[in-house]
Structure formats: C-alpha cells, structure tokens
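Given next are the chains, with one letter for each unit.
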Amino acid sequence: MEVKDIILKLRTKQGLSQDELAQKVFVTRQAVSRWENGETQPGTETLKLLSKLFDVSINTLLGSPRQLICQCCGMPLEDSSISRETDGSFNEEYCKWCYTDGKFVYSTMDELLDFLADHMSNESFPSHQARDYFAQQLPKLRHWAK
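Given the structure is predicted, the values throughout are model-derived calculations rather than measurements.

Peer 1: Explain the side chain of S81 to me, please; I cannot follow it from the model alone.
Peer 2: Counting through the fold element by element, S81 comes out in the loop between α5 (58-61) and β1 (82-84). Those residues in contact with S81 that sit more than four places away from it in its chain are M75, P76, Y94, C95, K96 and W97.

In structure tokens, the structure reads:
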C-alpha cells in the first residue's frame, strides 16, 4: 500500500475530513489533499504527528518499506508489539517486551538467553539448543553489539 492510500484510509477510519486532519497536524487542507493524491508526502515532523494521532508507526505510514526487528531479542516488529517511549511515541528499535517505559527489561544477555531458552524451546528445539542458537544471534543485534 502506498503512503497516499494509507493516509486516506487512516483519516477516513477516524472519521476526519481533510480539513480536520490538517488542523490536527498543523498543515493546510491542500497539503492533506496533495498527500492523498500522491503529489507529495508528509515531512519528518508531520509523520511523527500522524504516527501519534493514528497510533501507528512511521514505518506503517510509509507502507512498511522495511521489516523491523527488535534490536534486543530479534523478534519481528508489528505496530502492536513495538515499544513506546514514556511520552507514548513509538520506539521502532525494540519490542514492548524488551523495552518498556523508557527502560530495558533485560540488563544482561544471559538474562534474555534464560528467558528465550525457557520460552522458545519445544520437543524438536530443546532448551540447550535454543540457548545456543540465540547466543549466536543476539550479538548481531545493535543492543548487544555495543
């Protein structure tokens, strides 16, 4: 889906006119019309306002151009699992289980490895294999590469 279609869909879903949306994000009605016609796209600051207003990530507003993964545990991120900052804005780097209320849940990689080994293992993927697998993968993520 393209940006123009996403903005139109979200605006109409909220029952907003172009004028009402324009007022909420401090632009003109003509700017909203140009976005929805595909002539232009919102700038960075306006994307942040739209993200907050519609409660979706900027990645979603842009048509999900990239697959986001948590940079702490490696889980694929959807809008429902993306963490938030204390002001309510999305933090598209981490899932809500690794980073919440402006803080990381796991203070060490071993803590996270214990959790993952317990929760990701099954009959065909025993706990020790899960731990070994994640021990190889986690250092590749930005949070642990530091």
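Read on, since the account is not over.
Peer 1: What should I look at first to understand helix α1 (residues 3-13) in this one?
Peer 2: Structural remark: α-helix, 3.6 residues per turn; residues separated by three or four positions point the same way. All buried positions along α1 are accounted for by V3, I6, I7, L10 and R11. When α1 is viewed along its axis, its buried side chains cluster within an angular range of 125° and face the same direction. Buried residues along α1 sit against α2 (18-24), α3 (29-37), α4 (44-54) and α5. Note on α1: the residue one or two positions beyond its end, G15, has a positive phi of about 70°.

Peer 1: Just checking my understanding: could you explain the packing of helix α6 (residues 109-120) against helix α7 (residues 127-137) for this structure?
Peer 2: Angle between the axes and distance between the axes are the two parameters that describe a pair of packed helices. In the contact formed by α6 and α7, the axes pass within 8 Å of each other and the chain directions differ by 135°. On the basis of the axis angle, α6 is oblique to α7. Relative to α7, the crossing made by α6 is right-handed. Seen from α6, the contacting residues are D110, L113, D114, L116, A117 and M120; seen from α7, they are S127, A130, R131, F134 and A135. Classifying every residue of the contact of α6 with α7 by side-chain character gives seven nonpolar, one polar and three charged.

Peer 1: Sorry, what's going on with the pattern of salt bridges here?
Peer 2: Two side chains with opposite charge may pair up if their charged atoms get near one another. Across all of its chains, the model carries six salt bridges by this definition. The partner of E36 in a salt bridge is R11, and the shortest N-O contact between them spans 2.5 Å. Pair noted here: E36 is in helix α3 and R11 is in helix α1, with a separation of 25 residues, a long-range link. In this structure, E36 and R11 share a single accessibility class: buried. Ionic pairing is found between R131 and D110, a salt bridge with its closest N-O pair at 3.2 Å.

Basis of the calculations
- Residues numbered from 1 in each chain as written.
- Predicted model: local features only at pLDDT ≥ 70, side-chain atom pairs only at ≥ 80, totals over all residues.
- Heavy atoms only, no water.
- Helix = DSSP H or I, 4+ residues; strand = E, 2+ residues; numbered from the N terminus.
- Contact = heavy atoms within 4.5 Å.
- Buried < 20%, exposed > 50% of the residue type's maximum accessible area, 1.4 Å probe, protein only.
- Arc of directions from axis to C-beta.
- Axes fitted to C-alpha atoms, helices over the stretch in contact; angles between N-to-C directions.
- Parallel < 35°, antiparallel > 145°, perpendicular 65-115°, else oblique.
- Left-handed = near helix turned anticlockwise from the far one by under 90°.
- Nonpolar A, V, L, I, M, F, W, Y, C, P; charged D, E, K, R; others polar.
- Salt bridge = Lys/Arg side-chain N within 4 Å of Asp/Glu carboxyl O.

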